[in-house]
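Tertiary structure, described
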Amino acid sequence: MKLPDKSTELHDVIAAIPNGATVLVGGFGVPGTPFTLLNELARQGQRDLVLVKNDANEAGMGIDHLIKNGQVRKLIVTHLGLNANAIAAMNSGDLEVEFCAQGILAERIRAGGAGLGAILTDIGIETELANGKQVVEMNGRAMLVEPALRADVALIHAAIADPFGNLAYAATARNFNPLMAMAAARVIVEAEALVPLGGLAPDAVETTGAFVDHVVEIKELSQEYGIVRR
Amino acid sequence: MSDARSRMVARAAQEIAPGMVVNLGIGLPTQVVNHLPADFPVCLHSENGLTGIGAMLPYDEADRNLIDAGGAYVSTIPGSAFFDSAVSFALVRSGRLDLTLLGAFEVARNGDLANWKIPGKFSPGAGGAIELAQKARRVVVMTTHCDRKGNPKLLDACTLPLTARGRVARIYTDMAVVDVTPNGFALRELATGVSVAELRAATGASITIPQSDIPTF
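For every chain, the first residue of its written sequence is number 1, and the numbers climb from 1 along that sequence. Chains carry letters from A onward and ligands carry numbers from 1 onward, assigned in written order. Local features in this predicted model are restricted to residues of pLDDT 70 or higher, and side-chain atom pairs are both shown and tallied only at a pLDDT of 80 or more, whereas totals for entire chains, interfaces and linings draw on every residue. Only hydrogens and water are removed before side-chain values are computed, so all heavy atoms of the structure are retained for them.

By the naming in an unreviewed UniProt entry, chain A is CoA transferase subunit A, taken from Thioclava arctica. Under the UniProt heading Sequence similarities (unreviewed entry), the entry covering chain A gives this text: "Belongs to the 3-oxoacid CoA-transferase subunit A family." UniProt positions are given in the numbering used here, feature names are shortened, and annotations may be inferred rather than shown by experiment.

Have a look at this one:
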């Protein structure tokens, strides 16, 4: 028996993303952001996207290209303070932004990836983050109902992948990637290194390829992946 | 940094007890590590998935995949660990985080904290601040006593959107160390050269002054 080969070409796999798609995007700051996949999405120009990401990157990087192109209808994030373009688009009303507490965003995605409907949490209760949310009582305590997040597409950055889509991550480039890699109908991975089957020891695999649909090897790391000198 | 502010940072560093798991907010709180001995036994946590934060690194020595939650390039130490964002906040919410030191726009006499949004002016999102403020076992604020315009930050009630209700235990400022008690603010220590009258004038709520000598820092 042999595990299937899901390695593919960048253009084709991004071309399968339709207008209006909800897209999970890995990364916390630069580490773990799938810049190669995002740049191809910016080049192809799909519109009306709903993006889910921890942050909005910085001006001129990552999802900022999509925001500047007007490809993003709505952004679900925890924080966008490092991207003045995103703040301006939000303040002018051109970009709808939904803020979510960081760990609750992670758990909503994890719930989506685990086939659950929602999570219950007291995080944000009695703050404006609770506005409009359903409240239930559980074990005598008031809890917010936070719906699971499951998307059409996930764009994932991995340090190492094999052709089946088994993944390993580097340092703080992990962040939302292993969670998002479980929570979309079409999971697309860019990897800095594509190794043959068996090149990742079973114990080293952090995301099983059973969750992954497509693997693209990054030909050359662009400048965006590098050190940001502020 | 002003002399009073650096003494505040040094004083706040004493909050960190051996063996703790600690999250330091961006800005002034991050600087308390400069006042701990190099071999001090503490586990520093970063929201983006790191326990065991090592020294900050200059750009030419940095690892592009290794930052702290504020985006600074950091290093690991022997025993450091990486994990995903769900695990990172599981640690915060489940009671494993002993202490967080956070900045503030406003703190109320009942321990309410506002530090993430100024409507119409500043609304970048709270990131992980709500979970840290709501779930750390002890929440300590480090802030200038007044804002840049000279308005008090310690108030009867917060005017800005809240980060968490009733969670602040203690406040370190450039003027004083103040505890939040069931009876409101209580002065514990004064910065060198600050009088009780000056402190009262700079505080937007009543504050209990000890009868005995007031220690200084």
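Two numbers describe a pair of packed helices, the interaxial angle and the distance between the axes. What counts as an axis is a line fitted to C-alpha atoms, over the stretch in contact for a helix, and the angles between N-to-C directions run from 0 to 180 degrees. Helix numbers and strand numbers start at the N terminus; a helix is a DSSP run of H or I with at least 4 residues, a strand a run of E with at least 2. The contact between helix H5 (residues 102-113) of chain A and helix H2 (residues 85-93) of chain B brings their axes to 8 Å, and the two run at 125°. Taken together, the axes of H5 of chain A and H2 of chain B are oblique relative to one another. For the pair H5 of chain A and H2 of chain B, the crossing hand works out as left-handed. Of the residues in H2 of chain B, those in contact with Gln-102, Gly-103, Ile-104, Ala-106, Glu-107 and Arg-110 of chain A of H5 of chain A are Ser-85, Ala-86, Phe-89 and Arg-93 of chain B. In this count, Pro and Cys sit with the nonpolar residues alongside Ala, Val, Leu, Ile, Met, Phe, Trp and Tyr, while Asp, Glu, Lys and Arg are called charged and the others, Gly among them, polar. Taken together, the residues that form the contact of H5 of chain A with H2 of chain B break down as four nonpolar, three polar and three charged. In what follows, roughly perpendicular refers to angles from 65 to 115 degrees, roughly parallel to angles under 35, roughly antiparallel to angles over 145, and oblique to any angle outside these ranges. The handedness criterion is simple: a crossing whose near helix is rotated anticlockwise from the far helix by less than a right angle is left-handed, and one whose near helix is rotated clockwise is right-handed. In this analysis, two residues are considered to be in contact whenever any of their non-hydrogen atoms come within 4.5 Å of each other.

Residues and elements named next belong to chain A. Method remark: on a 1 Å grid restricted to protein atoms, a set of points is classed as a cavity if a 1.4 Å probe fits but cannot get out and as a pocket if it is open with protein on both sides within 12 Å along at least five of seven lines; lining residues have an atom within 4 Å of a point. Grid points are joined across faces, edges and corners, and a volume is the space filled by probe spheres set on the points. A full pass over the atoms with the stated rule returns two cavities of 30 Å³ or more. Roughly 40 Å³ of internal volume is contained in the largest cavity. Taken together, Cys-100, Ala-101, Ile-104, Ile-123, Gly-124, Leu-129, Lys-133, Leu-144 and Glu-146 make up the full set of residues lining the largest cavity. Here the lining of the largest cavity is built from residues that sort into six nonpolar, one polar and two charged. Taken as a whole, the second largest cavity encloses approximately 30 Å³ of empty space. Tallied by class, residues from the lining of the second largest cavity come to four nonpolar, four polar and one charged.

What follows deals with the interface of chain B and chain A. Every contact between the two is made by 38 residues of chain B and, on the other side, 42 residues of chain A. What gets called buried area is simply the loss in accessible area from a 1.4 Å probe that two parts show on being joined, summed for both. When the area that chain B buries against chain A is broken down by residue, the three leading residues are Tyr-59, Arg-64 and Asn-65 of chain B, summing to 21%. Salt bridge, as used here, is a side-chain nitrogen of Lys or Arg placed within 4 Å of a carboxyl oxygen of Asp or Glu. Viewed at the interface, chain A and chain B are joined by five salt bridges. A salt bridge links Lys-135 of chain B to Asp-122 of chain A; the shortest N-O distance between them is 2.8 Å. Counting of polar contacts relies on pairs of N or O atoms within 3.5 Å, with two restrictions inside protein: one atom must be capable of donating a hydrogen and the other of accepting it, and residues adjacent in sequence are counted only when both atoms are side-chain atoms. Linking chain B with chain A are 20 residue pairs in polar contact (both at pLDDT 80 or more).

Working definition: an aromatic ring pair is given by the centre-to-centre distance plus the angle between the planes. All names here are of chain A. Each Phe, Tyr or Trp ring (for Trp, its six-membered ring) is paired with any other whose centre lies within 6.5 Å, and the angle between the two planes then decides the class: stacked below 30 degrees, edge-to-face above 60, tilted in between. Following the criterion strictly, the structure yields three aromatic pairs over all chains and no others. On the basis of an interplanar angle of 85° and a centroid distance of 5.1 Å, the ring pair of Phe-35 and Tyr-225 is categorised as edge-to-face. Highlighted residues: Phe-35 in helix H2 (residues 35-44) and Tyr-225 in the segment after strand E11 (214-217), separated in sequence by 190 residues. When accessible area is computed with a 1.4 Å probe and restricted to protein chains, residues below 20% of their type maximum are described as buried, those above 50% as exposed, and intermediate ones as partly exposed. Overall, Phe-35 belongs to the buried group, its relative accessible area being 0%. Here Tyr-225 falls in the buried class, since its relative accessible area comes to 3%.

This paragraph deals with the sheet that holds strand E7 (residues 113-114) of chain B. Residue and element names in this part refer to chain B. What the three strands build is an open sheet, ordered E7-E6-E9; its pairing is mixed. The open sheet is flanked by E7 and strand E9 (154-155), the only strands paired with a single partner. In this sheet, E9 lies alongside strand E6 (residues 106-108) in parallel orientation, the contact comprising two bridges. Pairing of Ala-108 across the sheet is with Leu-155, part of E9. For two strands to be treated as a pair, DSSP must find at least two bridges joining them.

Once that is clear, we can look at the side chain of Asp-55 of chain A. Residues and elements named next belong to chain A. Inspection of the secondary structure assignment puts Asp-55 in the loop between strand E2 (49-52) and helix H3 (63-68). A polar contact is formed between the side chain of Asp-55 and the backbone nitrogen of Asn-57, at a distance of 2.9 Å. Setting aside residues up to four positions removed in sequence, Asp-55 forms contacts with Gly-27, Phe-28, Gly-29, Ile-63, Val-77 and His-79.

The next thing to look at is the pairing of strand E10 (residues 168-172) of chain B. Residue and element names in this part refer to chain B. Within E10, four of the five residues are buried, which leaves it mostly tucked inside the rest of the structure. By the bridge criterion, four bridges tie strand E8 (residues 138-142) to E10 in an arrangement that is parallel. Looking at E10, one finds that Val-141 is bridged to Ile-171. Across three bridges, E10 lies against strand E11 (residues 176-181) in antiparallel orientation. In the strand pairing of E11, Tyr-172 is matched with Val-177.

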